[in-house]
Structure formats: structure tokens, C-alpha cells
Amino acid sequence: MATTRDSAPYSGPDTYRPDPFSGDAIDTRHHEKKPTADHPPQRRAARSRLDDWMEVDFKFGGSRIKRKAVALVLLGAPGLAPLFFMLPALLTLNTNTFSVSVDDTLGTGAALCLFLCLLVTPMVTLTGQRWFVPLRRWYGIMMACSAIGDALAAGLTDSFAGGFLGRVAGHVFELMGFMMVMLVIPLLITSNHWAQRKLGRYWKRLQQGTYVIWGLLGFHLLLLEGFGFQQGSDGSGFPGDGDPIFHQRFYQYSVISLLLLTLRVPPVKRWIAARQKEGRNWLVWVTITPIFVLFVVGFIFMLNEEIFKGLDSFTENPSHE
């Protein structure tokens, strides 16, 4: 389950939209500020060619649609997958599917959505493009929906003693997950323009709770699988393909977070900006290649888990692995 980032380039009050689950809320007032004599107007951030290309309309079925809208729909569709996988069990009230695989399907799905939400800012830093920034908001919302669904299903169907509260917070690793859900609820509620206007500068501070969720996810996975070591049937690699260590969720979390965290460090961001200004963006990509490869490997293993468990849940034949 576990978003966020430092400030992305600001392209003006008329182009900014609030993005929940980000750590970089900016001034939300939608009027132009008149510069004073001591503060000359700042130049608007340059738009990339791809940003301009995405703003172009094309004709489809008698209507005109922006290329960006189509791209965002296609890139955002995977966020619905965790909820889609659990839909048949919900419609048939199949408690067996919920009790066996809901944690893996919705829990892993929430983590993937969180990482995709967090990935938006580093990609803005690396590419200078902003057309995909709305995906940050979308994947934040999908993360929240999957996490809340996971908690509700676990509280109603798990076999732990202690009633609903005992099932969602009766063990330390469960308590970590429960805390994440409690934090994600106010972020979801305030993921709109009205809340941003009402909260003003406090909206940004509230959204920075995503950092806490990100950290709690690490502790949750660390405790869930015995501090990263295979323990009996814990972890998605048992018996699996014979390589359980590569399926440990905490290791996946660690290599994915390495890239997301590194590209948020201010000195790193300044170095990247300086190389881009010199026209040596190739050096940036060469430098980050090792951690980028680790990110891709960890993400692929986590995505594989989601598809494998998700399809079993969809067919209502949940995997006990």
C-alpha cells in the first residue's frame, strides 16, 4: 500500500491541478499574482514538444478528443485491475476467495498503485514532461480504494480471533496495515479542488502523509515475511518457482523504493537539472541505469504476483500459495 515526491516544475496557475497523495502541493489560488517592483515575474517553465503534441485534438466519432486524454485513459486503466479481479467474488459473495486471496490481490494491487503514483514525479524530473501528471491523482485514488477494500475484506473474512478489530489490528504487521488505511482515508477525502481551497497551505502538509504510508508499507512487509527471510509458507515464493528470495515482498519494495527515493533527494535533482541544462541528459540516464534496472525487476516480480493471484481470484479458485 504504500507515494510522493518533492516539488515538480510549476507550469503556471492555469495549468496546475491538485494531485492527491503527492508531497508537493503548490499555491492553489487560480488567479494571476501581480509582480511587485522587488519581485519581477518568473518565466513560465518551458513545455516539452511531447507536452505540446499531447494537447492536440483529433477527430473521433464526430467528436474532438485530446491525444492526452486517450493516453491517460490507457495508462490509467491498470489501476482498476485489483478491484476488477475481486469483482466476481463480490458479486457471488464468495467468502472463500476473500479469505484466501484478498490480501494478496488487493494488498499487492494497492502497493503497485502507490508505486505508480510515486513514479510520476521522478519521471517529470527525468523527462521534463508533464502531460502524465494527472496519473498521480488517479493512482493515488486507486491505491486508497484497494487498500480500504483489503482492510474491509480482511476484517470480515480472516480467521484471526478478536472480531473485526482483532482481524485488522491484532498482530503487529496487521496494525501497520491498519494504520496505513487510517492515513489514506483523509487523503482520499481531500483529493478534490474544494478541499484544497478550504485547507489552503495545510492541504500540502496533509498530503505529505503519503511519505508515512510509504514507510509503514516497508515495516508491514518486513514483519509480514519475517524480516525479509522465507518463513514456512510466508511469502509469494512458496513453493513457487524455486527462487523464493526473488519473490520476497520486502526485497521488491526495497529495490523499487531505491529509485523513487534517490530521485527525490534535492542534490540529485539539482545535479540532474544541471546536466539537462548542459544538454547532457544522456549522462543522467547512464548514471541511473543500475537503480532503474533494479526498479524494473522488482516491479515485474510484484506485477507477476498481482496477475497470478488476481486471475485465481477472478476465477474464484484462489491460490493458497
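Just so it is clear, the model here is predicted, and its values are computed rather than measured. (Residues numbered from 1 in each chain as written. Predicted model: local features only at pLDDT ≥ 70, side-chain atom pairs only at ≥ 80, totals over all residues. Heavy atoms only, no water.)

## Quick word on the overall build of the protein
Keep this limit in mind: The helix count covers DSSP runs of H or I at least four residues long, the strand count covers runs of E at least two residues long, and both are numbered beginning at the N terminus. The rule is simple: take the accessible area with a 1.4 Å probe, protein chains only, and divide by the maximum for that residue type; under 20% is buried, over 50% is exposed, in between is partly exposed. All accessibility values rest on the Shrake-Rupley procedure with a 1.4 Å probe; residue burial counts only the protein chains present in the view.
Each helix and strand counted, the protein has 13 helices and two strands in total. Taken across its 321 residues, the protein has 43% of its residues classed as buried. When the accessible area of the protein is evaluated, it comes to approximately 16800 Å², of which 67% is carbon and sulfur surface.

## Details of unusual backbone geometry
Phi is positive for L93, which is not a glycine, with a value near 55 degrees. With respect to the helices, strands and loops of the structure, L93 is situated in the loop between α3 (81-92) and α4 (95-127). Judged by relative accessible area, which is 66%, L93 ranks as exposed. A positive phi angle is found at E316, which is not glycine, with a value near 55 degrees. Position of E316 relative to the elements: it lies in the segment after α13 (281-314). The class of E316 is partly exposed, set by a relative accessible area of 27%.

## Here we look at the pairing of strand β1 (residues 57-60)
What counts, and what does not: A pair of strands counts as paired when DSSP detects no fewer than two bridges linking them.
Taken together, the four bridges between β1 and strand β2 (residues 63-66) define a ladder with antiparallel strand orientation. Note that in β2 the partner of K59 across the bridge is R64. Turn length for the β1-β2 hairpin, with the two strands adjacent in sequence and antiparallel, is two residues, and the turn residue G61 shows positive phi of about 60 degrees.

## Brief notes about the nonpolar core
Cut-off, in case you're wondering: What makes a nonpolar core is a set of buried Ala, Val, Leu, Ile, Met, Phe, Trp, Tyr and Cys residues whose side-chain atoms join them at distances within 4.5 Å. Contact definition: two residues touch when any of their heavy atoms are within 4.5 Å.
One finds F115, L217, Y253, I256, L260 and F295 to be the most contacted residues of the largest nonpolar core, which totals 50 residues. If you list the elements that add at least two residues to this core, you get α2 (67-76), α4, α5 (134-157), α7 (172-189), α10 (209-224), α11 (249-262) and α13. At 12 residues, α4 tops the list of elements feeding residues into this core. For I256, the residues in contact, after removing those within four places along its chain, are F115, F295, G298, F299 and M302. Of all hydrophobic cores here, the second largest spans six residues; its members include A89, V102, L106 and A153.

## With respect to the packing of α3 against α13
What counts is decided by this rule: Where helices are involved, their axes are fitted lines through C-alpha atoms of the stretch in contact, as for all axes, and angles between N-to-C directions lie from 0 to 180°. For classification purposes, angles smaller than 35 degrees are called roughly parallel, those larger than 145 roughly antiparallel, those between 65 and 115 roughly perpendicular, and all remaining angles oblique. For this classification, the nonpolar set comprises Ala, Val, Leu, Ile, Met, Phe, Trp, Tyr, Cys and Pro, the charged set comprises Asp, Glu, Lys and Arg, and every other residue, Gly included, is treated as polar.
Two elements in contact, α3 and α13, have axes whose closest approach is 7 Å; the angle formed by their N-to-C orientations is 25 degrees. Of the possible angle classes, the one that applies to α3 and α13 is roughly parallel. Across from P82, F84, F85, M86 and P88 in α3, the residues of α13 making contact are E306, G310, L311, S313 and F314. Grouping the amino acids of the contact of α3 with α13 by side-chain chemistry returns seven nonpolar, two polar and one charged.

## Looking at the side chain of T105
This is how it is decided: Here a polar contact means two N or O atoms within 3.5 Å. Within protein one must be a hydrogen donor candidate and the other an acceptor candidate, and residues neighboring in sequence count only if both atoms are side-chain atoms.
Here T105 is to be found in helix α4. In this structure the side chain of T105 is engaged in a polar contact, spanning 2.9 Å, whose partner is the side chain of S313. For T105, the residues in contact, after removing those within four places along its chain, are P82, F85, M86, E306, K309, G310 and S313.

## Examining the environment of L283
Assignment of secondary structure puts L283 in helix α13. C-alpha of L283 to C-alpha of I272: the two residues are 11 residues apart in sequence and 9.0 Å apart in space. Apart from residues lying up to four places away in sequence, L283 is in contact with W271 and R275.

## What about the packing of aromatic side chains?
Test applied: Aromatic rings from Phe, Tyr and Trp, taking only the six-membered ring of Trp, are treated as a pair when their centres fall within 6.5 Å; an angle between ring planes under 30 degrees marks them as stacked, one over 60 as edge-to-face, and anything in between as tilted.
Under the definition given, this model contains nine aromatic pairs. Ring centres of W285 and F292 lie 6.2 Å apart, and the angle between their planes is 85 degrees; this geometry places the pair in the edge-to-face category. Given a relative accessible area of 31%, W285 falls into the partly exposed group. Given the relative accessible area of 29%, F292 is considered partly exposed. Their ring planes at 20 degrees and their centres at 5.9 Å tell us that F295 and F299 sit as a pair that is stacked. Of this pair, F295 and F299 are both found in helix α13, four residues apart, which corresponds to roughly one turn of the helix. Through pairs of rings, three or more aromatic residues link up here, namely F115, F250, Y251 and Y253.

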